[in-house]
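Observations on the three-dimensional arrangement
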Amino acid sequence: MNIRDIRTQRLLDLIEGRDEPLILIEAMAGMGKSCLLGDLAAAKQALLFRGSRPPETSDRLCLWDVPSSGHVEPLPDLAGSDGLVIAKRPARRLPGLDRCVAFGAVHRLPEAALLYQTEELVAAFGEVKGTEVAATTGGWPLLIDANGIRSVEPAVLTRFMADEILSELPAETLIRLAMMLAGRRVADVEPPLPLARLDASGAWMIGGTALTLPLADALVTEQRRRIADPVLRTELVEAARKLGSVTETILDMQKAGEFEAAEHLLEAEHSWYYLYFHGAEAFDAVLAGFHDEASHQSDTVALCRALQALKHGEVSLARRLLADRFGSETLDPARVLGDRRRYSVEFRSFRLVMLIYEDIPLTDELLHVAFAILADLPIEAHLLRGSIYNAILEFYLRSRRFAEADDVAERALRHYRFAGASLLAFYISLHLAIMRLMAGDANAAGEWADEAERDIASLGFDSPHDGLLLKLLKGCVGYEAGNDEALILFLNRDLELFSHGEIWPTLVEFALQYGSQALSRRYSTIAARSFLDRWRVYQVQNRQFQMMIDSREVMVMQNGNRWREAADRLAQLPTPVTQAVASNARLLARLGDRDEIAVALCWLRHMVFETPTRADLVECLAAIEANLALTARQRIGVQIWSAYVFKRQRDLTRARAQLQTTFETAARNGCVGSLSEELVFLADLLANRRIADFLSTVSEARQVLRRLRDFGLGNSGLGSRNGLSRQETKVLIMVTEGASNKFVAKMLQISEPTVKFHLGNVYRKLGCSRRKEAIAAARALGLVG
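Since this is a predicted model, take the numbers as computed values, not measurements.

**Description of the overall build of the protein**
- Looking only at helices and strands, one finds 45 helices and 9 strands in the protein.
- In summary, the protein has a C-alpha radius of gyration of 39 Å against a globular reference of 28 Å for 785 residues, an excess of more than 25%.
- Classification of the 785 residues of the protein by burial places 56% in the buried group.
- Taking contacts inside the protein between residues at least 6 apart in sequence as the whole, the part at least 24 apart equals 64%.
- A total accessible area of about 33,400 Å² is found for the protein, and carbon and sulfur atoms account for 51% of it.
- Computed over 93 positive and 101 negative side-chain charges, the separation of the two mean positions in the protein equals 10 Å.

**Quick look at the layout of surface pockets**
- If you add up the space inside the largest pocket, you get close to 880 Å³.
- Taken together, 40 residues make up the lining of the largest pocket; nearest its centre are Gly279, Ala280, Glu281, Phe461 and Asp462.
- Within the residue set of the lining of the largest pocket, elements represented by two or more residues are α9 (230–243), α10 (246–255), α12 (274–278), α13 (280–288), α15 (299–311), α22 (422–438) and α24 (464–480).
- The element contributing the most residues to the lining of the largest pocket is α13, with 6 residues.
- Class assignment of the residues belonging to the lining of the largest pocket gives a composition of 16 nonpolar, 14 polar and 10 charged.

**A closer look at the side chain of glutamine 223**
- Tracing the backbone shows glutamine 223 in helix α8 (residues 212–228).
- Here the side chain of glutamine 223 touches aspartate 252 through a polar contact of 3.0 Å, side chain to side chain.
- In this structure, glutamine 223 is in contact with Leu174, Ala178, Leu236 and Asp252, ignoring residues within four places of it in sequence.

**Side note on the pattern of salt bridges**
- All chains considered together, the criterion is met by 54 salt bridges.
- Across the pair arginine 241 and glutamate 238 runs a salt bridge whose closest N-O atoms are separated by 3.1 Å. Placement of both arginine 241 and glutamate 238 in helix α9 is noted, with a separation of 3 residues, approximately one turn of the helix.
- For arginine 241, a relative accessible area of 32% gives the class partly exposed.
- Put simply, glutamate 453 and lysine 474 hold a salt bridge, and the shortest N to O gap is 3.3 Å. One end of the pair, glutamate 453, is in helix α23 (residues 442–457); the other, lysine 474, is in helix α24, and 21 residues separate them in sequence.
- Given a relative accessible area of 36%, glutamate 453 falls into the partly exposed group.
- Classification of lysine 474 as partly exposed rests on a relative accessible area of 32%.
- One connected set of salt bridges, linked through shared partners, spans Arg529, Asp550, Glu553, Arg562, Glu565 and Arg569.

**Some thoughts on the state of the cysteines**
- The tally for this structure, following the rule as stated, stands at 0 disulfides.
- Looking at the unpaired cysteine 476, the closest cysteine sulfur is the one in cysteine 671, lying at 12 Å.
- Under the relative-accessibility criterion, cysteine 476 is labelled buried at 0%.

**Section: the pairing of strand β4 (residues 84–88)**
- For β4, a buried count of 5 out of 5 residues is recorded, marking the element as mostly surrounded by other parts of the structure.
- Here strand β3 (residues 62–65) runs beside β4; their pairing, made up of 4 bridges, is parallel. Paired with tryptophan 64 across the bridge in β4 is isoleucine 86.

**Looking at the packing of aromatic side chains**
- Enumeration according to the criterion identifies 16 aromatic pairs in this entry.
- Ring geometry for tyrosine 273 and tyrosine 276: centres 6.2 Å apart, planes at 55 degrees, overall tilted.
- The rings of Trp272, Tyr273, Tyr276, Phe350, Phe426 and Tyr427 are connected pair by pair, giving a single aromatic cluster.
- Its guanidinium or amino end placed over the ring of phenylalanine 694, arginine 656 lies 4.9 Å from that ring's centre, counting from NZ or CZ.

**With respect to the nonpolar core**
- By size, the foremost hydrophobic cluster in this structure holds 162 residues, and its most contacted members are Phe350, Leu352, Leu472, Phe498, Phe510 and Trp535.
- Among the elements that take part in this core, α22 stands out by supplying 13 residues, more than any other.

**Here we look at the packing of α13 against α15**
- In contact at an axis separation of 11 Å, α13 and α15 are set at 135 degrees when each is read in the N-to-C sense. The angle between α13 and α15 places the two elements in the oblique class. Handedness of the crossing formed by α13 with α15: left-handed. Residues Phe283, Asp284 and Leu287 of α13 touch α15, and the partners they reach there are Cys304, Arg305, Leu307 and Gln308.

**Things to note about the sheet that holds strand β1 (residues 22–26)**
- Ordered by their spatial adjacency, 5 strands build an open sheet running β2-β3-β4-β1-β5, and the pairing between neighbours is parallel. Two strands close off the open sheet at either side, each with one partner strand: β2 (47–49) and β5 (106–109). Neighbour-to-neighbour, the strand axes of the sheet open up by a mean angle of 20 degrees, direction not taken into account.
- Two elements, β1 and β4, share 5 bridges in a ladder whose sense is parallel. Residue pairing for β4: isoleucine 25 is matched across the bridge by alanine 87.

**What to know about the environment of leucine 265**
- With respect to the secondary-structure elements, leucine 265 resides in helix α11 (residues 259–268).
- Between the C-alpha atoms of leucine 265 and leucine 685, which are 420 residues apart in sequence, the distance is 65 Å.
- In this structure leucine 265 touches Val237, Arg241, Val246, Thr249, Ile250 and Met253, once residues within four positions along its chain are discounted.

**Examining the confidence of the model for the protein**
- For the protein, mean pLDDT is 86; residues scoring 70 or higher make up 92% of the total.
- Taken as a whole, residues 713–718 scores under 50 in pLDDT and shows 21 contacts with residues more than four places along the chain or in a different chain.

**Here we look at unusual backbone geometry**
- A positive phi is found at serine 271, a non-glycine position, where the angle reads about 55 degrees.
- By secondary structure assignment, the location of serine 271 is in the loop between α11 and α12.
- Assessed through its relative accessible area of 13%, serine 271 is described here as buried.
- Even without being a glycine, asparagine 561 presents a positive backbone phi close to 60 degrees.
- In this structure, asparagine 561 sits in the loop between α29 (543–559) and α30 (563–572).
- Assessed through its relative accessible area of 0%, asparagine 561 is described here as buried.

Cut-offs and rules
- Per chain, residue numbering runs from 1 following the sequence as it is written.
- Since the coordinates come from a predicted model, pLDDT governs what is reported: local features require at least 70, and pairs of side-chain atoms require 80 or more to be given and counted, while whole-chain, interface and lining totals use all residues.
- To get the side-chain values, all heavy atoms of the structure are used, and hydrogens and water are removed first.
- Put simply, DSSP H or I for four residues or longer makes a helix, DSSP E for two residues or longer makes a strand, and each gets a number counted from the N terminus.
- Computation of the radius of gyration draws on C-alpha atoms, with the globule rule given as 2.2 Å multiplied by the number of residues to the power 0.38.
- Three exposure classes are used, based on accessible area relative to the maximum for each residue type with a 1.4 Å probe and protein chains only: buried under 20%, partly exposed in between, and exposed over 50%.
- Note on contacts: a residue pair qualifies if any of its non-hydrogen atoms lie within 4.5 Å across the two residues.
- Exposure was quantified through the Shrake-Rupley algorithm and a 1.4 Å probe, taking into account, for residues, occlusion by the shown protein chains and nothing else.
- Here Asp and Glu are counted as negative and Lys and Arg as positive; His is not counted, and neither are the chain ends.
- The atoms used to mark charge sites are NZ of Lys, CZ of Arg, CG of Asp and CD of Glu.
- Here the term cavity refers to a set of points on a 1 Å grid, laid over the protein atoms alone, in which a 1.4 Å probe fits but cannot get out; the term pocket refers to an open set having protein on both sides within 12 Å along at least five of seven lines, with lining residues being those that place an atom within 4 Å of a point.
- Grid points are joined across faces, edges and corners, and a volume is the space filled by probe spheres set on the points.
- Put simply, Ala, Val, Leu, Ile, Met, Phe, Trp, Tyr, Cys and Pro go in the nonpolar bin, Asp, Glu, Lys and Arg in the charged bin, and everything else, Gly too, in the polar bin.
- In the analysis that follows, any N or O atom pair within 3.5 Å is treated as a polar contact, provided that within protein one partner can donate a hydrogen and the other can accept it, and provided that, for residues neighboring in sequence, both atoms belong to side chains.
- Salt bridge, as applied in this entry: a Lys or Arg side-chain nitrogen positioned within 4 Å of an Asp or Glu carboxyl oxygen.
- The disulfide criterion is simple: two cysteine sulfur atoms within 2.5 Å.
- At least two bridges found by DSSP between two strands are what make those strands a pair.
- Centres within 6.5 Å make a pair out of two Phe, Tyr or Trp rings, where for Trp the six-membered ring is used; the pair is then stacked when the planes are under 30 degrees apart, edge-to-face when over 60, and tilted otherwise.
- Our definition puts a charge over a ring when NZ of Lys or CZ of Arg is within 6 Å of the ring centre and also within 35 degrees of the ring normal.
- Definition used in this section: a nonpolar core is a set of buried Ala, Val, Leu, Ile, Met, Phe, Trp, Tyr and Cys residues joined via side-chain atoms within 4.5 Å.
- Axis geometry follows a simple rule: fit a line to the C-alpha atoms, using only the stretch in contact for helices, then measure angles between N-to-C directions, giving values from 0 to 180 degrees.
- For classification, angles of less than 35 degrees are called roughly parallel, those exceeding 145 degrees roughly antiparallel, those between 65 and 115 degrees roughly perpendicular, and all remaining angles oblique.
- The handedness criterion is simple: a crossing whose near helix is rotated anticlockwise from the far helix by less than a right angle is left-handed, and one whose near helix is rotated clockwise is right-handed.
- Within a predicted model, pLDDT stands for the predictor's per-residue confidence, ranging from 0 to 100.

Here's what the structure looks like:
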């Protein structure tokens, strides 16, 4: 039996018996509508019309093949008609049809009904050939004749698809087809048959193997045609936005050579903020599609590539890109931020954000100009306003203005939420969590970490580096709560990848603090210093990062009982803060720079350990504790030093009271990590029975004591456990570091004979007879890290 006759009979069965007077067949070109109507007319002796006028009412079945173009007249009243079958293309508008549909007079025949079914092809050509024809053609009548597969040149088929089929599809359907060909699942869509079909799982598939390459080529041809037409391009862009396919559309524009259109779409999609709405992978792909010289010709591309460089840690490249496009004077942030006539508000906003990554100190004048940019922005410019507050946030944190930092962080977060910028909101949540850790409040930090995790989960794209940021944050929150497993795992597995990505000062400070502390506690001083050395290599050209690393290394050496080496390192740092400054209470109270405070604290810590009985030490510690530029975490350390000094100066009442206050605050905020940094002093304090018994009567203090025991006692307690006095332990530590008897006497403010006396006791208690043996014993006992 002829394949067309088989299909005709099936469709006759679908048509006959319908109560509606009008049967509507809407199908794209190549589906065999005209042939079908001719076959139906022959089978039913029906009247067939092919002109622009619909058939008049008749007592016989009428068939109307509506022309694909030109004027057509309205449908007549179908009352008294024996039936009318209409075949037309989907995009063809037919006057009077909507009225018939509204009155329930129309039955739509599904487009898929026009395809040859596999069982029909098997019946016509046999099992093997029929199955092959079905797989190759998808049942598309255009590719099937009486002998099986019709021979059609691929180029001809491509042109036919582009000109006769794809050109009539709505922009949204065209975008869906492109997404399907790219292997993306597309839900809730009626695919254009037979070019694409839905399989049993709901995924799109190509109708037949013969269609795959011609369809892909036709799609490119049609997309290029629409991209070149400003009106059609607008429709295409709107469809791409709706379907989340903007990146693919920009890439298609670039492939078509329409770089100006691609740039306009990139600019319309928030310009350099494109990264935060579509992800780093899409951002990099889009920028790779522009020629290298585009950075010199386009403001949008130049800013995007500058941001790309910043996100990859290449600050010098970002500065060069700005200088090449906008002039070398743009490297001076004060000139750019203050010149509202020459530079747009968008460019000034970008230049302000770029300051976060640069090694440029923020002055009060710059801060004032930064705030002035807000006056040039409408209140609904949420992205730009949020970014200005975001940049100012970083500067407030550097200058330790925590109350103002909290305020601008909340403002930035609110604007980013309004803008729907979840990734940018994530960065603010991350900052707020870090600020809570700085404040010694691990409970609040955990809440903001959860908020940051929700922000990441709401992204419509992968953001691996930001996932690492979240991982580090949660590890640090866990560390403050007394569990270092997640942080140690991050440092061992993810640090290399993390350190080569986007870095800003607050994040570096955060990573250095917790990373070195955890490694020093879990492994050794050497492990912690190796960690810091890696960061020193990564940030070799950044002065402020180097100072952070140096001051942090001093703390690590001190915790490893390398006090002399730490003091030598401190003395070499290029900073105006010397031991003399750290001994001046008036100067300590006025310090405001982050790095200068860190160095001053290192000197104070050294003096607390070496000369705790100094008469002016209590005053100096009180002055620095009252300094508002200290983080709460740093203030906890100072309070523990004060308690240690009180004890050494035989004021146990004040020592106990100070420790009780500190422990109660730590228990309330769920913060034990900052206490564990000071185990070198806490071990000595808690070794005093009167202090330990007093604290054990306070429930909050007992809770902290239990968690501190999980962290272990500091090295300063090891000497007493081996029968050494405090002074003997100090002498042994300094000798182990290579100090001479004369130097030890000077540092401890005792005579050389007294040093020899203490060494004699050390030799006797450790079973040694020589200096070299005592040094070996000290290392074996863990007195030196």
